[in-house]
Amino acid sequence: MVSKQAFLFSLGSLYLSLLFVFLLMDVYARPANNSALKEKSVDNKDENEILPQDHINGMKMEMDGHLNKDFHQEVFLGKAIEEFDEDSEPKKNRKKLVTIFSKVDRNKDNQISAQEMQRWIMEKTEEHFQEAVKENKLHFRAVDPDNDGHVSWDEYKIRFLASKGFNEKEVAEKVKNNEELKIDEETQELIDNLKDRWFQADNPPTDLLLNEEEFLSFLHPEHSKAMLTFMVKEIVRDLDQDGDKKLTLSEFISLPVGTVENKQAQDIDDEWVLDRKKEFEEVIDANHDGIVTMEELEEYMDPMNEYNALNEAKQMIAVADENQDHLLCLEEILKYSEYFTGSKLMDYARNVHEEF
Ligand SMILES: [Ca+2]
Ligand SMILES: [Ca+2]
Ligand SMILES: [Ca+2]
Ligand SMILES: [Ca+2]
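Residues numbered from 1 in each chain as written. Chains lettered and ligands numbered in written order. Predicted model: local features only at pLDDT ≥ 70, side-chain atom pairs only at ≥ 80, totals over all residues. Heavy atoms only, no water.

Undergrad: Looking at this structure, how should I read the overall build of the protein?
TA: Looking only at helices and strands, the protein features 17 helices and four strands. Counting over 356 residues, the protein shows a buried share of 43%. Within the protein, counting contacts between residues at least 6 apart in sequence, those at least 24 apart form 63% of the total. Taken as a whole, the protein presents about 20600 Å² of accessible surface, with 51% of it coming from carbon and sulfur. (Helix = DSSP H or I, 4+ residues; strand = E, 2+ residues; numbered from the N terminus. Buried < 20%, exposed > 50% of the residue type's maximum accessible area, 1.4 Å probe, protein only. Contact = heavy atoms within 4.5 Å. Areas by Shrake-Rupley, 256 points an atom, 1.4 Å probe, with all protein chains shown as cover.)

Dropping the structure here:
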């Protein structure tokens, strides 16, 4: 049995560590996290289709350095993630979840093991890859209307400015005649960043023409090792404050100033700091020396990393594993349906028995 002193002692250290976290938050006053406030860009998809997105399904971190809060749902549901929204009927969702369970459980022992979950995560990640390839075909067609299989940087820039409300004909004319464009600072900065990225995506020979495959890596860095490295460099550049190209915890829990969009978002979000701290210490900093190197961040970001998938699998199991046997049975997964699918299931227990 645990002695009373030991219990009090652990309470004391819990209190101290909480206090420490609050002090930390005070010291490293940081720009706010907008992730929660950001809406998934569904309605203005047309406008943004040719722009690289911050958020990529199945990637642990977003381009702006925020953690992807929906990651585990994305790798658990694959492309089916769109079917599980809050409005859809709990009964239907439960049915879908039961079907998923039986697919993850490959050896049909009615338990999901870490290995089964890992394999599932890899399959679902592949699904997101295939989705991106499919969507890229459409997006590429939009930027390559003459269908010659190549898009030049100038063509892309014109399309981009048109999507920002500029008159496409005027811009095209000016670009053609090498005339100066009157562009606001913010848009210009965006163009400079896009151009860097365009260069990176352009495989030799460097002609600034992208074919469909290169355009895919322009929009989706997860499809190319070189682009992934480039993206990690950009994230570190944005978060690194002392210029040593590595990240300390305090650098990691602060965010690039450029991402602050409104005052409301500056309210301190305790949970967000704790999540970020935990992810830094337990996962990203693989050798636990308190420093995250570019290599560590790249390993972490790589969606095809099997070791990450296994870690994720174990973490997902731990969340719902009520009887602590390191396996998930159907009841456990239904009970934690909100964690796995983002939607709550009512009366899960009663219905489970009716169905089996
Ligand atoms: Ca099994
Ligand atoms: Ca640093
Ligand atoms: Ca490290
Ligand atoms: Ca269990």
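Picking up where we left off.
Undergrad: I keep staring at the packing of aromatic side chains and nothing clicks. Help me out?
TA: Geometrically, a pair of aromatic rings is defined through the distance of the ring centres and the angle of the planes. According to the stated counting rule, one finds twelve aromatic pairs in the structure shown. Measuring from ring centre to ring centre gives 5.1 Å for Tyr339 and Phe340, while their planes differ by 85°; the resulting arrangement is edge-to-face. Taken together, the aromatic side chains of Phe140, Trp153, Tyr156, Trp198, Phe215 and Phe218 make up a single cluster linked through ring pairs. Its end group placed over the ring of Phe84, Lys96 keeps NZ or CZ at 5.1 Å from the ring centre. For Arg197, the ring lying beneath its charged end belongs to Phe218, and the centroid distance is 5.9 Å. (Phe/Tyr/Trp six-rings, centres within 6.5 Å; stacked < 30°, edge-to-face > 60°. Lys NZ or Arg CZ within 6 Å of the ring centre and 35° of its normal.)

Undergrad: Looking at this structure, how should I read the coordination of the calcium ion (ligand 1)?
TA: Each protein donor to the calcium ion (ligand 1) is listed here as Asp105 (OD), Asn107 (OD1), Asp109 (OD), Gln111 (O), Glu116 (OE) and Glu116 (OE); together their distances run 2.2 to 2.4 Å. For the calcium ion (ligand 1), the six donor atoms in the first shell make angles of 54 to 158° at the metal, a pattern classed as irregular. Binding-site remark: the calcium ion (ligand 1) is held by donors from one chain whose sequence spacing is D-x1-N-x1-D-x1-Q-x4-E. (Donors = N, O, S within 2.8 Å, 3.2 Å for Na, K, Ca; no water. Tetrahedral: all angles 85-135°; square planar, octahedral: opposite > 155°, others 65-115°.)

Undergrad: Would you mind showing me how to read the nonpolar core here?
TA: Soluble, globular proteins show a tendency: their nonpolar side chains are buried together. Grouped together as the largest cluster of nonpolar side chains are 30 residues, with contacts concentrated most on Phe76, Met117, Leu328, Ile333 and Phe340. Looking at this core, the elements that each hand over two or more residues are α3 (71-77), α4 (90-104), α5 (114-143), α14 (306-320), α15 (330-335) and α16 (337-341). If we skip the residues at most four places from it in the chain, Leu328 touches Phe101, Asn110, Gln111, Ile112, Met117, Met316, Ile317, Ala320, Asp321, Ile333 and Phe340. Counting 25 residues, the second-largest nonpolar core is a separate cluster that includes Phe140, Val151, Phe160 and Val175. (Core = buried A, V, L, I, M, F, W, Y, C linked by side-chain atoms within 4.5 Å.)

Undergrad: Please explain unusual backbone geometry as it appears in this structure.
TA: Leaving glycine aside, a negative phi is the common case for residues, and trans is the common case for peptide bonds. That bond from Pro204 to Pro205 is cis: its omega, 0°, falls within 30 degrees of zero. In this structure, Asn178 takes a positive phi of about 60° despite not being glycine. Looking at the element boundaries, Asn178 is found in the loop between α7 (168-176) and α8 (185-201). Assessed through its relative accessible area of 73%, Asn178 is described here as exposed. Phi is positive for His326, which is not a glycine, with a value near 65°. Secondary-structure assignment places His326 in the loop between α14 and α15.

Undergrad: Mind showing me how you'd approach the environment of Ile81 here?
TA: Inspection of the secondary structure puts Ile81 in the loop between α3 and α4. Among the residues examined, Ile81 registers a relative accessible area of 14% and is labelled buried. Setting aside its immediate chain neighbours within four residues, Ile81 contacts Gln73 and Glu74.

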